[in-house]
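# Structural features, examined
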Amino acid sequence: MKINILGGTGQLGSRIVEVLLQAGTRPEHLTVSCRNAPRARRFADLGIEVRHADLDLPETLAPAFAGTDVLMLIPSMADVEDRIVQHEHILTGAASASVGRIVLSSFSAARTDSRFLIAPYLVYAESKLRVSGMDWTILRNGMYLDPLADWAPALARQGRLPYPVRQGRVAYISRDDLARASAGALMQDGHSGQVYELTGPEAVSMPQLAAALAAATGAPIVFDCVSEAEFMANCREDGIPDRDSAILASMYRAVDHGECEQVSEHVELLSGAPAETVDKYLRRAIESPDVH
Ligand SMILES: NC(=O)c1ccc[n+]([C@@H]2O[C@H](COP(=O)([O-])OP(=O)(O)OC[C@H]3O[C@@H](n4cnc5c(N)ncnc54)[C@H](OP(=O)(O)O)[C@@H]3O)[C@@H](O)[C@H]2O)c1
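Right, let's talk about the overall build of the protein chain for a bit. On a plain count of helices and strands, the protein chain comes out with twelve helices and eleven strands. The C-alpha atoms of the protein chain give 19 Å as radius of gyration, which agrees with the globular expectation for 292 residues (19 Å, within 12%). Its C-alpha atoms put the protein chain at 55 × 35 × 35 Å along the principal axes. Counting only residues that meet the buried cut, the protein chain has 51% of its 292 residues in that class. If you sum the accessible surface of the protein chain, you get close to 12700 Å²; carbon and sulfur atoms cover 51% of it. Charged side chains of the protein chain number 27 positive and 38 negative; the gap between the two group centres comes to 1 Å.

Here's what the structure looks like:
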């Protein structure tokens, strides 16, 4: 069986390739499709075929997918409108290359009534895949834990975690655990036509998250429930473009409406082990920053 990882140079995609190799998948059974071949050099050095696939150049996609049984589709971070066009390109290329099954990385807030500004793309991407005629598996990834570990030193200096969330909880999950579950969905039979919610083992409140960050850093960090306007102003100070901070703010609106608090056991089902807790992950990632 030939597995092709589209987006295999990214932080999630490269972890998926690593898990597949650790699980015994032979390099000749793997392909990494990416637009930036030098970023995939370490995989090429292991004997994995690296193919050129640029989501904005549809003519590159069918050749990149030729001979693929299962395609891991990790969407780009482009604007919603561009992502929709890229999704069309990917599905057209995959259909003409006769790909057997597509495993799509989606997000918890993939619902028509979501507050998250990216949700229209997520709903479209899932729906379009379901009617594509190819077999499919949808992985609704929970919110990444990894950026919190990166942000922890600054939070420790500030002593506060400023999010515009009043009551929402989040079932955070790390890219490591998402990669383990995604690899399971790619390697195993029986996941066709299934939607999995890939979440951490618990949904934490923002005060609980601040306490976990405090325990992991050893610094006093408390939750500060800021207004959306204050959150946007903080983002601007950090140099985040307004378009991106508006998307982030909408994600926390979704959090406050309970869109990211569902807890499922699908990570264990797909990978054989439950996802790490927030406490355990943050301690591990903050103690050894090179692990995430
Ligand atoms: N669950 C969450 O909390 C959360 C948070 C943020 C993002 N996400 C999702 O996570 C996914 C990104 O995962 P990641 O963490 O691995 O991000 P990442 O490290 O930024 O990886 C993005 C990948 O997309 C590739 N890419 C971008 N534009 C492309 C194009 N035009 N053609 C071909 N490849 C292209 C990049 O390739 P290059 O190496 O060429 O740049 C890279 O491999 C996105 O689907 C995003 O929506 C989820």
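Now that the structure is up, let's keep going.
What follows concerns the site of the ligand. Looking at the ligand, there are 23 residues lining it, with Thr9, Leu12, Arg35, Arg39 and Tyr144 nearest. Asp56 places a side-chain nitrogen or oxygen 3.4 Å from a nitrogen atom of the ligand. With respect to the ligand, the side chain of Arg83 contributes an N or O atom lying 3.3 Å from an oxygen atom. Summarising the interface, the protein chains cover 81% of the accessible area of the ligand, which totals 930 Å² for the free molecule. Put simply, the parts of the chain that give the shell around the ligand at least two residues each are helix H1 (11-22) and helix H4 (80-96). A breakdown of the residues in the shell around the ligand according to their chemical character gives nine nonpolar, eight polar and six charged.

What follows is about the pairing of strand E1 (residues 3-6). Judged by which residues are buried, E1 turns out to be covered on both faces: Ile3 and Ile5 on one side and Asn4 and Leu6 on the other are all buried. Of the pairings in the sheet, the one linking E1 to strand E2 (residues 30-34) comprises four bridges and is parallel in character. Opposite Leu6, over in E2, you have Ser33 as the bridge partner. With H1 bridging E1 and its parallel neighbour E2, the resulting β-α-β unit is right-handed. When E1 meets strand E4 (residues 70-73), the two strands line up parallel, connected through four bridges.

Bringing the sheet that holds strand E6 (residues 135-141) into the picture now. Reading across the sheet, the seven strands line up as E3-E2-E1-E4-E5-E6-E9 and stay open at both edges, with parallel pairing between neighbours. With one partner strand each, in any of the chains shown, strand E3 (49-52) and strand E9 (194-198) form the two edges of the open sheet. On average, each strand axis in the sheet is inclined to that of its neighbour by 20°, with strand direction left out of account. Of the strand pairs in this sheet, strand E5 (residues 101-107) and E6 are connected by seven bridges, and their pairing is parallel. Opposite Ser106, over in E6, you have Arg140 as the bridge partner.

Moving on, we come to the packing of aromatic side chains. Evaluated as defined, the whole model comprises five aromatic pairs. With 4.4 Å between their ring centres and 25° between their planes, Tyr163 and Tyr252 make a pair best called stacked. With Tyr163 in strand E7 (residues 160-163) and Tyr252 in helix H10 (residues 242-256), this residue pair connects regions lying 89 residues apart in the sequence. No difference in accessibility class separates Tyr163 from Tyr252, as the two residues are buried. Here a set of aromatic residues connected by ring pairs shows up, and it is made of Trp151, Tyr163, Phe231 and Tyr252. Positioned above the aromatic ring of Tyr121, the side-chain terminus of Arg83 is 5.4 Å from the ring centre.

The next thing to look at is the packing of helix H8 (residues 206-217) against helix H12 (residues 278-287). At their nearest, the axes of H8 and H12 sit 9 Å apart, and the two run at 35° to each other. Here H8 and H12 pass one another in a crossing that is right-handed. The residues of H12 that touch H8, namely those facing Leu209, Ala212, Leu213, Ala215, Ala216 and Thr217, are Val278, Asp279, Leu282, Arg283 and Ile286. Taken together, the residues of the contact of H8 with H12 sort by class into eight nonpolar, one polar and two charged.

Turning to helix H7 (residues 175-187), a few remarks are in order. With 13 residues, H7 should reach 18 Å at 1.5 Å per residue; the first-to-last C-alpha distance of 18 Å fits that figure. Here H7 has its buried residues at Arg175, Asp176, Asp177, Leu178, Ala179, Ala181, Ser182, Ala183, Gly184, Ala185 and Leu186.

By size, the foremost hydrophobic cluster in this structure holds 64 residues, and its most contacted members are Phe65, Phe116, Tyr163, Tyr172, Leu209 and Leu282. The element contributing the most residues to this core is H8, with seven residues. Aside from chain neighbours lying at most four places away, what touches Tyr172 is Met143, Tyr144, Leu145, Leu148, Tyr163, Gly200, Glu202, Val204, Met206, Leu209 and Val278. Counting 30 residues, the second largest nonpolar core, distinct from the first, contains Ile5, Val19, Phe43 and Leu139.

Most peptide bonds take the trans form, and the phi angle of most residues other than glycine is negative. Phi is positive for Ser98, which is not a glycine, with a value near 55°. Here Ser98 lies in the loop between H4 and E5. What makes Ser98 exposed here is its relative accessible area of 58%.

Here is what the cut-offs are and how they apply
- Residues numbered from 1 in each chain as written.
- Predicted model: local features only at pLDDT ≥ 70, side-chain atom pairs only at ≥ 80, totals over all residues.
- Heavy atoms only, no water.
- Helix = DSSP H or I, 4+ residues; strand = E, 2+ residues; numbered from the N terminus.
- Rg over C-alpha atoms; globule rule 2.2 N^0.38 Å.
- Buried < 20%, exposed > 50% of the residue type's maximum accessible area, 1.4 Å probe, protein only.
- Areas by Shrake-Rupley, 256 points an atom, 1.4 Å probe, with all protein chains shown as cover.
- Lys, Arg positive; Asp, Glu negative; His and termini not counted.
- Charge placed at Lys NZ, Arg CZ, Asp CG, Glu CD.
- Near = heavy atom within 4 Å.
- Polar contact = N/O pair within 3.5 Å; in protein donor to acceptor, adjacent residues only side chain to side chain.
- Nonpolar A, V, L, I, M, F, W, Y, C, P; charged D, E, K, R; others polar.
- Pairing = 2+ DSSP bridges.
- Right-handed = clockwise from strand over helix to strand, strands pointing away.
- Axes fitted to C-alpha atoms, helices over the stretch in contact; angles between N-to-C directions.
- Phe/Tyr/Trp six-rings, centres within 6.5 Å; stacked < 30°, edge-to-face > 60°.
- Lys NZ or Arg CZ within 6 Å of the ring centre and 35° of its normal.
- Left-handed = near helix turned anticlockwise from the far one by under 90°.
- Contact = heavy atoms within 4.5 Å.
- Expected span 1.5 Å × (residues − 1).
- Core = buried A, V, L, I, M, F, W, Y, C linked by side-chain atoms within 4.5 Å.

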